[in-house]
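Summary of the model geometry
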Amino acid sequence: QLKLVDSGGGLVQPGGSLRLTCAATRSTMANSAMGWIRQAPGKEREDVACISKGGNIVNYADSVKGRFTISRDNGMERAFLQMDNLNVDDTGLYYCAAVTLTSCQTGGWASSHGNSGQGTQVTVSS
């Protein structure tokens with residue numbers, strides 16, 4: 001069964017950058033679209049970004065478009081989320097998950113995903 005491990009979170013000032021990594025073990029992620037999801041304290045989980053298994057389809061939440069970039073390297077069994085120009089509203093627990101291509105294309109992968117990582121905390125604060 002696919003096991004995902006998230007890393008790369010931390011404390012960063014507004015305007016800063018972080019790069020999150022999702023590593024797959026026990027099975028390959030190459031057969032799944034992958035999504036990043038975040039949950040802020042007291043809020044529901046929300047879509048952040050997703051990518052098809054071949055990498056040719058990506059989708060972003062409006063709140064992160066132009067600032068975040070999702071990518072993947074199937075050979076290395078890794079998915080990445082490059083986050084630039086972070087702001088305080090980006091604070092939350094970020095985790096990656098296997099998602100369906102349909103949910104990636106239409107949105108809503110945060111509430112319909114499969115296997116997920118344990119999450120990595122991102123805190124944006126001055």
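Here the structure is shown first, and the text comes after it.
For clarity, every value in this text was computed on a predicted model and none was experimentally measured. (Residues numbered from 1 in each chain as written. Predicted model: local features only at pLDDT ≥ 70, side-chain atom pairs only at ≥ 80, totals over all residues. Heavy atoms only, no water.)

When the charged atoms of two side chains with opposite charge come close together, those side chains can pair. Tallied over the full model, the rule gives 4 salt bridges. Asp90 is the partner of Arg38 in a salt bridge, and the nearest nitrogen-oxygen pair spans 2.9 Å. In this pair, Arg38 sits in strand β4 (residues 33–39) while Asp90 sits in the loop between β8 (78–83) and β9 (92–99), placing the two residues 52 residues apart along the sequence. A relative accessible area of 4% means that Arg38 is categorised as buried. (Salt bridge = Lys/Arg side-chain N within 4 Å of Asp/Glu carboxyl O. Helix = DSSP H or I, 4+ residues; strand = E, 2+ residues; numbered from the N terminus. Buried < 20%, exposed > 50% of the residue type's maximum accessible area, 1.4 Å probe, protein only.)

Bringing the sheet that holds strand β2 (residues 10–12) into the picture now. Ordered in space as β2-β10-β9-β4-β5-β6, the 6 strands form an open sheet in which the pairing is mixed. A single partner strand is all that each edge strand has here, and the edge strands are β2 and β6 (58–60). Strand-to-strand twist of the sheet, defined as the mean angle between neighbouring strand axes without regard to direction, takes the value 25°. Bridge count between β4 and β9: 7 bridges; the pairing is antiparallel. When the bridges of β9 are listed, Met34 appears paired with Ala98. (Pairing = 2+ DSSP bridges. Axes fitted to C-alpha atoms, helices over the stretch in contact; angles between N-to-C directions.)

Spatial strand order, β1-β3-β8-β7: 4 strands in an open sheet with antiparallel pairing. Each of the sheet's edge strands pairs with one partner strand only, and the pair in question is β1 (3–7) and β7 (68–73). Taken pair by pair, the neighbouring strands of this sheet meet at an average axis angle of 15°, ignoring direction. Summarising the sheet, β7 and β8 pair through 6 bridges and their orientation is antiparallel. Note that in β8 the partner of Arg72 across the bridge is Ala79.

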